[in-house]
Amino acid sequence: MSDLPPVSVLLPTTRWTDACAELATQLDDGDELLIIHDEEDDPVTEQADQPEGVRLIAASEPKGCSGKANAIAAGMAAAHHDRLVWTDDDFYHPPDWLTVINTDYEEYGPVSEVPYFVGQDPLSVLLEPLYASAGSLPLYLGDQIWGGAVIFERDDIDEVAFLDELQRTVSDDGLLMEYLQVTTVDRTRIVPIGGTIREAIERPVRWTQILRWHFPGAIAGTWLVLLFVLVGAILVPLPAAAVLTVVHFAINEMLGVRRWTAVLAYPALFVFVPLLLYAYARRTFVWGGRRYRWRGKFDVTVVK
């Protein structure tokens, strides 16, 4: 039995995945795992012999927000405890994961980990190094939130205001960044992404739209840096390729990841910049099987 306060773990998923089983075995006395799905007939409801401490929560279909935001809102309403852990089902949770992140809260207060996205299709593999430098590294250096691994308590935020806005927007962690300061701990989780070219294209669209509505200054800075680097890559290709490769290997080392894909940083730049321009121009995108039209920060339509 642990001396740590009990936690409510919120895990949005419609299927019983490895992450469900991993987390169910880590629950201490009083802890609970809320598996938040959409409808009563989702595949996860067919799971027999649910472990002690596991509850299934049907969030229903989202109406003016993303399915993920809707699930988190339903999970926070149903959770019994003040200490909350948000996580995702698309990465490995080692046996001590829940204990370690709960212990981190005792030392640092609200805490988040860092994702490293590993491609499962050719386009996602090509873009890996830029996801590391433009995505993972800023989270790590800036003490920013990744919704796949974050712990906080209800009193750390204005919960009523947060939940109201959460049910009117797309990005759960993007919004949480406006309410919560965290310490990003030195642990990186490998997150597989993509699988098809379609999925590989939709991800940067969603990422760009999140920056557009939640962090407009950040997207402007990102554009300027990328365009500056692209110009340099065109004018002095060989030195630029060498520098980009070395820099991205160094970023991987900083994040604690050994990936050969750092050598793709130079060609990835020529794909990533046009893809972000396309992403900014898009007016709808697909996430988790649903299509969204995001006209404003709190103006979301689920397109049927």
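These figures come from a predicted structure and were not determined experimentally.

Caption draft 1: Examining the overall build of the protein more closely. Check the secondary structure of the protein and you find 10 helices and 10 strands. On C-alpha atoms alone, the protein measures out to a radius of gyration of 19 Å, which is about the 19 Å that the 2.2 N^0.38 rule sets for 304 residues. Along the first, second and third principal axes, the C-alpha set of the protein runs to 60 × 40 × 35 Å. In the protein, the proportion of contacts linking residues at least 24 apart, taken out of those at least 6 apart, comes to 74%. For the protein, the exposed surface amounts to about 13500 Å²; the carbon and sulfur share of it is 58%. Between the averaged position of the 23 positive side-chain charges in the protein and that of its 43 negative side-chain charges there is a distance of 12 Å.

Caption draft 2: Main features of the pairing of strand S2 (residues 32–37). Of all 6 residues in S2, 6 are buried, a share of seventy percent or more. Judged by which residues are buried, S2 turns out to be covered on both faces: Glu32, Leu34 and Ile36 on one side and Leu33, Ile35 and His37 on the other are all buried. Bridge analysis of strand S1 (residues 7–12) against S2 gives 5 bridges, and the strand direction is parallel. By the bridge assignment for S2, Leu11 is matched with Ile35. The parallel pair S1 and S2, bridged by helix H1 (residues 18–24), forms a crossover whose chirality is right-handed.

Caption draft 3: Spotlight on a nonpolar patch on the surface. Residues Val231, Ile234, Leu235, Val236 and Phe270 make up a contiguous nonpolar surface patch of about 470 Å² in total accessible area. The dominant element in the nonpolar patch, judged by the number of residues it contributes, is helix H8 (residues 216–235), at 3 residues. Within the fold, Leu235 resides in helix H8.

Caption draft 4: Just the pattern of salt bridges, in detail. Applying the stated rule across the entire model yields 19 salt bridges. A salt bridge links Asp299 to Arg295; its shortest N-O distance comes to 3.9 Å. Overall, the relative accessible area of 33% leaves Asp299 in the partly exposed class. Through salt bridges with shared partners, one network takes in Asp104, Glu113, Arg187 and Arg189.

Caption draft 5: Looking closely at the side chain of Ser124. With respect to the element layout, Ser124 can be found in helix H4 (residues 122–141). Discounting residues that sit within four places of it in the chain, Ser124 has contacts with Gly119, Ile193, Gly194 and Ala200.

About the thresholds
Residues numbered from 1 in each chain as written. Predicted model: local features only at pLDDT ≥ 70, side-chain atom pairs only at ≥ 80, totals over all residues. Heavy atoms only, no water. Helix = DSSP H or I, 4+ residues; strand = E, 2+ residues; numbered from the N terminus. Rg over C-alpha atoms; globule rule 2.2 N^0.38 Å. Contact = heavy atoms within 4.5 Å. Areas by Shrake-Rupley, 256 points an atom, 1.4 Å probe, with all protein chains shown as cover. Lys, Arg positive; Asp, Glu negative; His and termini not counted. Charge placed at Lys NZ, Arg CZ, Asp CG, Glu CD. Buried < 20%, exposed > 50% of the residue type's maximum accessible area, 1.4 Å probe, protein only. Pairing = 2+ DSSP bridges. Right-handed = clockwise from strand over helix to strand, strands pointing away. Patch = residues over 30% accessible without salt bridge, like charges linked within 9 Å, V, L, I, M, F, W, Y side chains within 5 Å. Salt bridge = Lys/Arg side-chain N within 4 Å of Asp/Glu carboxyl O.

Read these as layout, nothing more, since geometry by itself doesn't imply function.
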